[in-house]
Amino acid sequence: MCIAQKVQALTSSLPDRVTLVAVSKFHPVESIREAYDAGQRVFGESRVQELKAKQPALPDDIEWHFIGTLQRNKVKDIAPFIHTIHSLDSIKLLEEVHKQAAKHERVIRLLLEIHVAQEETKQGLTPEECMELLAHWKQGEYPFIRITGIMGMATDTEDETLIRKEFRTLHQVFCDIKQQFFKDDDSFQEISMGMSHDYPIAVEEGSTLIRVGTFIFGQRKY
Ligand SMILES: *Cc1c(COP(=O)(O)O)cnc(C)c1O
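Treat the numbers as computed from the prediction; the structure is a model and nothing was measured.

> Requested: an account of the side chain of Ser46, with residues and values cited.
By secondary structure assignment, the location of Ser46 is in the loop between β2 (42–45) and α3 (48–54). When near neighbours in sequence (up to four residues on either side) are disregarded, Ser46 contacts Lys25, Phe66, Ile67 and Gly68.

> Describe the packing of aromatic side chains, and please don't skip the residues or the numbers.
If you walk through the whole model with that rule in mind, you get six aromatic pairs. An aromatic cluster is built from Trp137, Tyr142, Phe174, Phe182 and Phe188, whose rings are joined through pairwise contacts. Looking at Arg41, its charged tip hangs above the ring of Tyr36, at a distance of 3.6 Å from the centre.

> Kindly report on the packing of helix α6 (residues 127–135) against helix α7 (residues 160–181), identifying the contributing residues and their values.
Across the interface, α6 lies against α7 with an axial gap of 11 Å and an inter-helix angle of 20°. One element, α6, and the other, α7, form an angle in the roughly parallel class. As for the relative orientation of α6 and α7, their crossing is right-handed in sense. Residues Pro127, Cys130, Met131, Leu134 and Ala135 of α6 form the contact with α7, whose own contacting residues are Val173, Asp176, Ile177, Gln180 and Phe181. Among the residues forming the contact of α6 with α7, the class breakdown is eight nonpolar, one polar and one charged.

Procedures and definitions
- Residues numbered from 1 in each chain as written.
- Predicted model: local features only at pLDDT ≥ 70, side-chain atom pairs only at ≥ 80, totals over all residues.
- Heavy atoms only, no water.
- Helix = DSSP H or I, 4+ residues; strand = E, 2+ residues; numbered from the N terminus.
- Contact = heavy atoms within 4.5 Å.
- Phe/Tyr/Trp six-rings, centres within 6.5 Å; stacked < 30°, edge-to-face > 60°.
- Lys NZ or Arg CZ within 6 Å of the ring centre and 35° of its normal.
- Axes fitted to C-alpha atoms, helices over the stretch in contact; angles between N-to-C directions.
- Parallel < 35°, antiparallel > 145°, perpendicular 65-115°, else oblique.
- Left-handed = near helix turned anticlockwise from the far one by under 90°.
- Nonpolar A, V, L, I, M, F, W, Y, C, P; charged D, E, K, R; others polar.

Below you can see the structure in the form of structure tokens.
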């Protein structure tokens, strides 16, 4: 199957509540264009330099999501156009995104990155750290950002029982945060989980945003 066929097959297999973020990191603009021409509008990148180079070369109606670790000093480079940042893990990053979004008078959406996987190297907040961050957070003080949900990854394993358990935990963390901090906020609604090898399980466990690269674009060349 070519890129266009993969995008169409994947999109048509998803329930309505799930949006595909096509992860195009390390793939050229021509490949993104192929997916775009097949109707895909939401793309994810994980490196600022790369995204900065690709964005001007592609149509304006693409919704760009940043899915990698984001250094504070690079927020300004993507603030003019980024739609959602999936990797919020500190108040300092939140404040920088707010400052840069304010300069452009636009609202940037943020997902709290939650760590539930077993690998120690994975980024993100523990559920406890996340609750602590939110205890200091007041929507009224940050009009140029909106926290719209959470993002997480399962352990990189063949063990489907473990993967499912971790996605279930993420869903539960989402519900706890919603209940405690965003009860009356309809825009807090996203659970970003699921990649090429585990997205079907993530969808079953309540994902609303899947981040799929390899399945669509093939292996990345580093
Ligand atoms: C690269 C990446 C993906 C996509 O992974 P695939 O296995 O290629 O689908 C998803 N999420 C994050 C955070 C990534 O860095």
